[in-house]
Every structure is written in C-alpha cells, then in structure tokens.
Amino acid sequence: MKEYVLNDLDDEQIGRLCKRPGMDFASVLDQVRPIIRAVRDDGDAAVKKFTRMYDGVETEPLFIEPDKIPVHLADEERHALDTAMRNVQRFHMEQARGELQVETMPGITCRRVMRPIENVGLYIPGGSAPLPSTAVMLGVPAAAAGCKTIIFATPPDKNGQVPPSIAYVAQKTGAAGILKAGGAQAVAAMAYGTESVPPADKIFGPGNQYVTAAKMFLQNSDAMVSIDLPAGPSEVLVIAGGNADPDFIAADLLSQAEHGADSQVVLVTLPGFDLDQLRESLKSQTRDLSRADIVRSALDHSFTVTAENITDALAFSNKYAPEHLILNLDNAESLIGSIRHAGSVFLGACTPESLGDYASGTNHTLPTYGYARMYSGVSLDSFQKSITFQKATEAGLQTLGPVVEKLADMEGLDAHRQAVSVRLKKIRGRPDSETGK
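Now for a quick tour of the structure. Nothing here was measured: the structure is a model prediction, and the numbers come from that model.

Considerations on the pairing of strand E13 (residues 324-328)
- Of all 5 residues in E13, 5 are buried, a share of seventy percent or more.
- Along E13, one buried face is formed by His324, Ile326 and Asn328 and the opposite face, lined by Leu325 and Leu327, is buried too.
- Summarising the sheet, strand E10 (residues 235-240) and E13 pair through 5 bridges and their orientation is parallel. Within E13, the residue paired with Val236 across the bridge is His324.

Digging into helix H2 (residues 25-42)
- Along its 18 residues, H2 runs 25 Å from first to last C-alpha, staying within 8% of the 26 Å computed at 1.5 Å per residue.
- Maximal helix bending in H2 amounts to about 25°, located at Val32; proline Pro34 follows within four positions.
- Buried within H2 are the following residues: Val28, Leu29, Val32, Ile35, Ile36, Ala38 and Val39.
- Where H2 is buried, its residues touch helix H3 (44-55), helix H7 (183-192) and helix H8 (209-218).
- Looking at the residues trailing H2, positive phi occurs at Gly43, about 60°.

Some points on the pattern of salt bridges
- In the structure shown here, the tally under the stated rule is 15 salt bridges.
- One salt bridge in this structure joins Glu12 and Arg16, with 3.1 Å as the shortest N-O distance. With Glu12 and Arg16 both in helix H1 (residues 11-18) and 4 residues apart, this pair spans about one turn of that helix. Both residues of the pair, Glu12 and Arg16, count as exposed.
- With a closest N to O distance of 3.0 Å, Asp41 and Arg40 form a salt bridge.
- Under the relative-accessibility criterion, Arg40 is labelled partly exposed at 37%.
- Connected through salt bridges with shared partners, the residues Glu3, Asp276 and Arg279 form a single ionic network.

A word on the sheet that holds strand E6 (residues 149-154)
- Within the open sheet, the 6 strands sit side by side as E2-E7-E6-E5-E8-E9. Their pairing is mixed. Looking at the sheet topology across the chains shown, the edges are occupied by strand E2 (63-64) and strand E9 (226-227).
- As paired elements, E2 and strand E7 (residues 177-180) share 2 bridges and run antiparallel to each other. Bridge pairing links Ile64 to Ile178 in E7.
- Its contacts with the sheet put helix H6 (residues 164-172) on E6 and E7, and the angle it makes with E6 is roughly 175°.
- Sitting on the sheet, H7 touches strand E5 (119-123), E6, E7 and strand E8 (202-204), and the angle it makes with E5 is about 175°.

Examining the packing of H2 against H8
- Close contact between H2 and H8 brings their axes to 9 Å; oriented N to C, the two are set at 70°. Classified by the interaxial angle, the pair formed by H2 and H8 is roughly perpendicular. Note on element contacts: H8 touches H2 through Gln209, Tyr210, Ala213, Ala214, Met216, Phe217 and Leu218, opposite Phe25, Val28, Leu29, Gln31, Val32, Arg33 and Ile36.
- The residue inventory of the contact of H2 with H8, partitioned by class, reads 11 nonpolar, 2 polar and 1 charged.

Things to note about helix H15 (residues 414-428)
- The end-to-end C-alpha distance of H15, which contains 15 residues, comes to 20 Å, matching closely the 21 Å that a straight helix rising 1.5 Å per residue would cover.
- For H15, the set of buried residues is Val420, Ser421, Leu424 and Ile427.

A closer look at the packing of aromatic side chains
- Within the structure shown, the criterion is met by 5 aromatic pairs.
- Judged by centre distance (6.2 Å) and plane angle (15°), the rings of Phe50 and Tyr54 are stacked. With a gap of 4 residues between them, Phe50 and Tyr54 both fall in helix H3, about one helical turn apart.
- The exposure class of Tyr54 is exposed, given its relative accessible area of 51%.

Quick notes on the sheet that holds strand E15 (residues 384-392)
- Read from one edge of the open sheet, 3 strands run E3-E4-E15, paired in antiparallel fashion. Strands at the two margins of the open sheet, each flanked by one partner only, are strand E3 (100-105) and E15. For this sheet, the mean inter-axis angle between neighbouring strands, taken without regard to orientation, is 20°.
- Relative to strand E4 (residues 108-116), E3 runs antiparallel, the two being bridged by 5 bridges. Bridging across to E4, Met105 finds its partner in Ile108.

Topic: the nonpolar core
- Counting 36 residues, the largest nonpolar core has Val120, Leu122, Val136, Ile150, Phe152 and Phe383 as the members making the most contacts within it.
- Elements represented by at least two residues in this core include exactly helix H4 (75-93), E5, helix H5 (132-145), E6 and H6.
- The element contributing the most residues to this core is H5, with 7 residues.
- With near-sequence residues (within four places) excluded, Val136 lies in contact with Leu81, Ala84, Met85, Val88, Pro141 and Val169.
- With 34 residues, the next largest nonpolar core counts Tyr123, Ala188, Tyr192 and Ala213 among its residues.

Cut-offs used in this document
Residues numbered from 1 in each chain as written. Predicted model: local features only at pLDDT ≥ 70, side-chain atom pairs only at ≥ 80, totals over all residues. Heavy atoms only, no water. Buried < 20%, exposed > 50% of the residue type's maximum accessible area, 1.4 Å probe, protein only. Helix = DSSP H or I, 4+ residues; strand = E, 2+ residues; numbered from the N terminus. Pairing = 2+ DSSP bridges. Expected span 1.5 Å × (residues − 1). Bend = angle between axes of the 7 residues up to and from the residue. Contact = heavy atoms within 4.5 Å. Salt bridge = Lys/Arg side-chain N within 4 Å of Asp/Glu carboxyl O. Axes fitted to C-alpha atoms, helices over the stretch in contact; angles between N-to-C directions. Parallel < 35°, antiparallel > 145°, perpendicular 65-115°, else oblique. Nonpolar A, V, L, I, M, F, W, Y, C, P; charged D, E, K, R; others polar. Phe/Tyr/Trp six-rings, centres within 6.5 Å; stacked < 30°, edge-to-face > 60°. Core = buried A, V, L, I, M, F, W, Y, C linked by side-chain atoms within 4.5 Å.

Here it is, written out as structure tokens:
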C-alpha cells in the first residue's frame, strides 16, 4: 500500500487520491451492447450461448423453480443462513412505513401509500465462489416488501447447477425461479424477459464492470426497467485511532481486498497508530489467505493516509465517500453526526465490516465508486414505490381553486384553469350549496 501524509497534500492531490481506479466504461459498454441485443432478440438461446462461452457450462434447464432443486447443507450452514435471514428481516421490517395522510389546508387532504414493486430480478454474483449472503440481502427484503414475483439469477457451478446455498435462500424467500446465468446476459434476460424468464420491473444486485454497465445501459433502454444503484468494485475506508489494534485493522483491509483485484482499501491513521506493526500484520495474514494473489493485486492500488486529527480524517473520508466506513476509535458513536457520505458505517473495535456483509441485519448492497454522495444502500424502500392521493371537499375547492386558477393563467394553460372554474361556477350557482362537503 502506498503511504501519504494528509497535510503534505494539496486539494488537487487529495482529489486524485479520492478518484477510484479508472474503468473504461465506453469500452466495457461496447462489449456489453451486443450481448444485450442478442438476448433481446434471441432470448434463451442467446443466454445459453453466452453461458457456454463465458462460463464453459451447459445449462438445462436454463430457468428452474427453487423447490425442484435438492438442497444438501450441513446443519451449521443452515443455521448460519437462517440467523442471517432472521436478522436482515427484522431490521428491514422495522423500516416499513405506514400510510401518510396530511390535511394541507382545510378541505384538502393528501395521502401517500406504499406499494411493492411487483416483479423484481435479483442478481447474485458467483464466479470463483457463490455468494449466498447477497441472496439473503436481496431476497429477504423483496419478500418482506411483498413483491409478487422474485427471480434470482446466478452463474451456475462447473456442473451447470445452482449452488445449494443460493437455492436454499431462494426457497426460503419464496422466489419464483432461478436463472442459471451470470454477466450481462443474465441482466438482459431479466430486463427483457425470455421464453422461460419473466421480465422484471426492477433489477438489483452487485456485480463486475460488465454487470454494472449492463444495468446502467438497460435502465435507459426500451426494456423499461429500473435498477437499484450503481455498484462496482468493493471498497472500504478505515479510520484507525492511536490505540487501534494493527491486527484488527489489517484483517479489515484484507477482508475487502479479497473481493477482487479491482477492490480498493484505504486506511486513514491518527497519531500513535503503529504503522510498522500493520505492515507486518498485512504480510503475515496475507500468507494464510486462499486468495492471496487477488489480495496483493488489490493492495497495489490501495493506500494509507496519515492525518493529524480526527477532524481532518473525517473530512477526507467524506470526500472519498466510501462504500464501507470503519471507525476503529474509542469514541466512534460520538462521531455519527460528522459522517455525511458513506454507504454503511461500522462503529468501534468489535465491529468488523464482515458483520454487515453477512448477518448483522443491515444491507450489504451499497453504493461504491463515490456514489455514496447521492445514493443510499438497498433497503425495504428499494422494493417499494409510493402512490399519492388527494381529495378536496367543496369548501376546500372554493378555498384553493382560485389559487390554481391564477397559477394556470400564469402558465397560459386555459384548460387547467377551466377544470377548476367549471366546478366553482356550479357550486356557487347552487342556492342550497352545502359547502362543507
């Protein structure tokens, strides 16, 4: 990891540090467009073709009901998944919002009612390892929100089958089916629908640059589909206090670095922190990791920044806007009010980011690449939409109507004015008008 001293950097240098490793989006999109077009035009056949090409497996059937998949898991594996699902469900159910009703002025009532998005497609990354945790993070809130049709998509294993851990979560969350495909072809299949895959109204889930590009392209296409958020390579920023344990810090950095060679980890240290011990701990812990080569690649474009005080450290973090922010500080909770931009925050020495990745209850589908400045992570709201209602009594229309007439005049929209005026004339022309109704 490269090392910097914050006070030695000017604003331009800090800005460059906060800019993520570049992705040639135009080049990636050029590769993704033909895949999307092929799936749109040829459906299942195209998805199978690209799965053979990129994953090297045959998938038959391409789309399968979860209950038809035999699941063989050890008792401790089921217990771990059940505990994670229970915690995620509890936290997300508490986010449910009831009907909002406001009388904005006498006789004028406005309401907002939440409704589930009916059809959702959940992308579960696979590749080198299945990620049942993402199935939990997306499947549980979708079910809690009341989505009518839940579809999973995940790359098949080397035998062309659904990993049992993901099948188990799909069964428990009531998914209608699992698409055995990954990459842009899976995203396109859920967006457009195919002979076997029903189309989704909204697509969720993290993925590599091809998945991200496909999602962003499709939300602006004739597919008429929305997406959760831009989610690229994983990242973490750790602020380490002077007495923070270097072994803890090293473990937290490595836990994100192992996601992929394009992951980025950032450490901001305060006076007194033992950087020498951190370097040794990074080396020793990396040697024991099964994904050591990936970790080393990620660390090559990661860095450490030394700050003089917590104010400077938090200012840097807010500028970076990390997906995950770890505050390994004695007074972490007292700093909540100073955090403006972050996907999810982990407070104190006993709260590794892994807890949120798996089972604390918060969602791990979070904005990366600096998008935490304007996006939230996935929540129950992500699977819902709101509908507003309004009702006016005769008295309310007589009070508000003249205001609307004047505003319509200002915009030159005569028919808008007339829709109010014709009612007011009828009401005022009735000698026995009950204006309170």
